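Architecture at a glance
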Amino acid sequence: MAGTLYLVATPIGNLGDLSVRAAETLEAVDFIAAEDTRVTVKLLNHLGIKKPMVSYHRHNADTRGDALTGRLLAGESCALVTDAGTPAISDPGEELVAQCAAQDIPVVPIPGPCAFVSALAVSGLPTGRFTFEGFLAMNKKNRRTHLDSLRQETRTMVFHEAPHKLAATLRDLEETFGPDRRISLCRELTKLHEQVWRTTLGQAAAHYAQNPAKGEFVLVVEGAAPVQEAEYTLEDGLAMAARLQAEGASTRDAVKQAAAACGLSRKALYDLVVSQK
């Protein structure tokens with residue numbers, strides 16, 4: 001019988017955010033697959049846990065995934081952890097989960113800290129509908145293509161960004177969405193120097209063009225204003241009905257089609273059409 005892969009969310013800064021269930025899972029599994037074993041061993045030492053570890057990250061996911069699923073199929077249980085946050089979210093863990101799903105290996109989430117969810121919650125921007133965009137590509141062409149695809153996006157957009165790329169990213173965001181678009185810059189969440197700055201893209205780009213960024217950022221960007229559908233008048237409906245009649249439609253059918261297309265009252269439009277005769 002196959003073992004179970006546990007996706008264990010770990011603190012994004014404050015160790016007090018680790019759940020009791022997460023700690024119990026790390027204690028119970030046969031081994032831990034960690035993004036960086038040097039980072040995870042500090043967490044395990046804090047918890048007083050000693051457990052075999054193997055590395056699993058974007059540079060070895062292609063080869064290490066088969067080894068991990070092999071051990072799971074043999075009956076071992078594994079906890080997958082990243083350096084901080086929830087595994088498989090903007091993370092190569094998604095590939096391991098897909099491999100397990102394809103082989104009917106049980107996968108169990110152990111919920112906990114997630115940087116982008118925390119940033120969205122404190123952003124002050126709409127949270128009902130949003131899109132998580134992760135890290136923008138370093139390649140300029142791919143980066144531009146990604147941002148261009150979001151020009152008309154009306155949902156709140158969430159990005160991750162490293163400090164050394166922040167100034168360039170803010171310039172690109174300002175160029176794409178305009179200087180007046182609102183943004184919340186969430187820095188070092190749950191850590192000692194946690195900061196949430198609610199401002200505009202223009203002000204943020206100007207600030208970080210002159211001041212070096214420090215710490216990891218989550219950028220929460222306001223979506224575009226919804227495009228208002230054109231409101232048709234009875235005169236618009238009258239003109240459409242006239243065109244339909246000229247094409248051979250009866251008065252009744254022309255009014256029915258024009259009223260439906262323009263969102264108008266069929267009776268009001270019919271009365272207007274008849275009055276013009």
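Presented here is an overview of the structure given in this document. (Residues numbered from 1 in each chain as written. Predicted model: local features only at pLDDT ≥ 70, side-chain atom pairs only at ≥ 80, totals over all residues. Heavy atoms only, no water.)

A look at the overall build of the protein
Applied cut-off: Secondary structure elements are defined from DSSP: runs of H or I of at least 4 residues count as helices, runs of E of at least 2 residues count as strands, and each element is numbered from the N terminus. As defined in this context, the radius of gyration uses C-alpha atoms, and a globule is described by 2.2 Å times the residue total to the power 0.38. Burial status follows relative accessibility: with a 1.4 Å probe on protein chains alone, a residue under 20% of its type maximum counts as buried, one over 50% as exposed, and anything between as partly exposed.
When helices and strands are counted, the protein shows 11 helices and 10 strands. At 27 Å, the protein has a C-alpha radius of gyration far larger than the 19 Å of a compact globule built from 277 residues. By its C-alpha atoms, the protein is 90 × 55 × 35 Å across when sized along the principal axes. Counting every position in the protein, which comprises 277 residues, the buried fraction comes to 43%.

Here we look at empty space enclosed by the protein
Inclusion rule: Cavity and pocket criteria rest on a 1 Å grid covering protein atoms alone: a 1.4 Å probe that fits but cannot get out defines a cavity, protein on both sides within 12 Å along at least 5 of 7 lines defines an open pocket, and an atom within 4 Å of a point defines a lining residue. Grid points are joined across faces, edges and corners, and a volume is the space filled by probe spheres set on the points. Residues were grouped as follows: Ala, Val, Leu, Ile, Met, Phe, Trp, Tyr, Cys and Pro as nonpolar; Asp, Glu, Lys and Arg as charged; and all remaining residues, including Gly, as polar.
Considering all chains together, one arrives at one cavity of 30 Å³ or more under this definition. In this structure, the largest cavity spans a volume of roughly 30 Å³. Every residue along the wall of the largest cavity is listed here: Glu 35, Tyr 56, Leu 80, Val 81, Thr 82, Asp 91, Pro 92 and Gly 93. Residue composition of the lining of the largest cavity, by class: four nonpolar, two polar and two charged.

Some details on the sheet that holds strand β3 (residues 53-55)
Picture the strands of a sheet paired through backbone hydrogen bonds; they go either parallel or antiparallel. The condition that has to hold: Note on pairing: DSSP must find at least two bridges between two strands before they are called paired. A fitted line through C-alpha atoms represents every axis, and for helices the fit uses only the stretch in contact; the resulting angles, taken between N-to-C directions, go from 0 to 180 degrees. Throughout, a residue-residue contact means that at least one pair of heavy atoms, one from each residue, lies within 4.5 Å.
The strand order across the open sheet built from five strands is β3-β2-β4-β1-β5, with neighbouring strands paired in parallel fashion. Edge positions in the sheet fall to β3 and β5 (107-110), since each of these pairs with one other strand and no more. Within this sheet the neighbouring strands show an average axis-to-axis angle of 25°, counted without direction. The sheet contact formed by strand β2 (residues 31-34) and β3 spans three bridges and is parallel. Following the sheet pairing, Ile 32 is matched in β3 by Met 53. Helix-sheet contacts for helix α1 (residues 20-28) involve β1 (5-8), β2, β4 (78-81) and β5, and the interaxial angle to β5 is about 135°.

Let's talk about the nonpolar core
Going by this rule: Here the nonpolar core consists of buried residues drawn from Ala, Val, Leu, Ile, Met, Phe, Trp, Tyr and Cys, with membership extended through side-chain atoms lying within 4.5 Å.
In this structure, Phe 159, Leu 170, Leu 173 and Leu 219 are the most contacted members of the largest nonpolar core, which totals 19 residues. Among the secondary structure elements, those contributing two or more residues to this core are β7 (156-161), α7 (166-177), β8 (182-187), α8 (201-210) and β10 (217-221). Not counting residues up to four positions away in its chain, the partners in contact with Leu 170 are Ile 183, Leu 185, Ala 204, Ala 205, Tyr 208 and Leu 219.

Some points on a negative patch on the surface
Selection rule: Candidates for patches are residues over 30% relative accessible area with no salt bridge; among them, like charges are joined within 9 Å and nonpolar side chains (Val, Leu, Ile, Met, Phe, Trp, Tyr) within 5 Å. Accessible surface area values rest on a Shrake-Rupley calculation with a 1.4 Å probe, where residue burial reflects the displayed protein chains alone. Any Lys or Arg side-chain nitrogen found within 4 Å of a carboxyl oxygen on Asp or Glu counts as a salt bridge. Only four residue types enter the tally: Lys and Arg on the positive side, Asp and Glu on the negative side, with His and both chain ends excluded. A single reference atom marks each charge: NZ on Lys, CZ on Arg, CG on Asp, CD on Glu.
Taken together, the side chains of Asp 62, Asp 66, Glu 94 and Glu 95 present a region of like negative charge at the surface. For the negative patch, the secondary-structure elements that each account for two or more residues are α3 (61-73) and α4 (93-102). As for its placement among the helices and strands, Asp 62 is situated in helix α3. With relative accessibility at 68%, the residue Asp 62 sits in the exposed group.

Quick notes on the layout of surface pockets
Here the largest pocket is characterised by a volume of approximately 1,200 Å³. The wall of the largest pocket is formed by 40 residues, among which Glu 35, Thr 82, Asp 83, Ala 84 and Phe 135 lie closest to the centre. When contributions to the lining of the largest pocket are tallied by element, the ones reaching two or more residues are α2 (37-47), α5 (115-122), β7 and β10. It is α2 that provides the largest number of residues to the lining of the largest pocket, a total of four residues. Of the residues that constitute the lining of the largest pocket, the class distribution is 18 nonpolar, 11 polar and 11 charged.

Examining the packing of aromatic side chains
Filter applied, for reference: Here is the rule: rings of Phe, Tyr and Trp (six-membered ring for Trp) pair when centre to centre is within 6.5 Å. Planes less than 30 degrees apart are stacked, more than 60 are edge-to-face, and the remainder are tilted. Only when the NZ atom of a Lys or the CZ atom of an Arg is both within 6 Å of the ring centre and within 35 degrees of the ring normal do we say a charge sits over the ring.
Enumeration according to the criterion identifies four aromatic pairs in this entry. One aromatic cluster is present, built from ring pairs that chain together Phe 116, Phe 130 and Phe 132. Sitting above the plane of the Phe 31 ring, Arg 71 keeps its charged end 3.7 Å from the centroid.

Observations regarding the environment of Leu 238
Its place among the elements puts Leu 238 in helix α9 (residues 234-246). For the pair Leu 238 and Ala 259, spaced 21 residues apart in sequence, the C-alpha to C-alpha distance is 9.0 Å. Leu 238 has contacts with Leu 269, Leu 272, Val 273 and Gln 276, leaving out every residue within four places of it along the chain.

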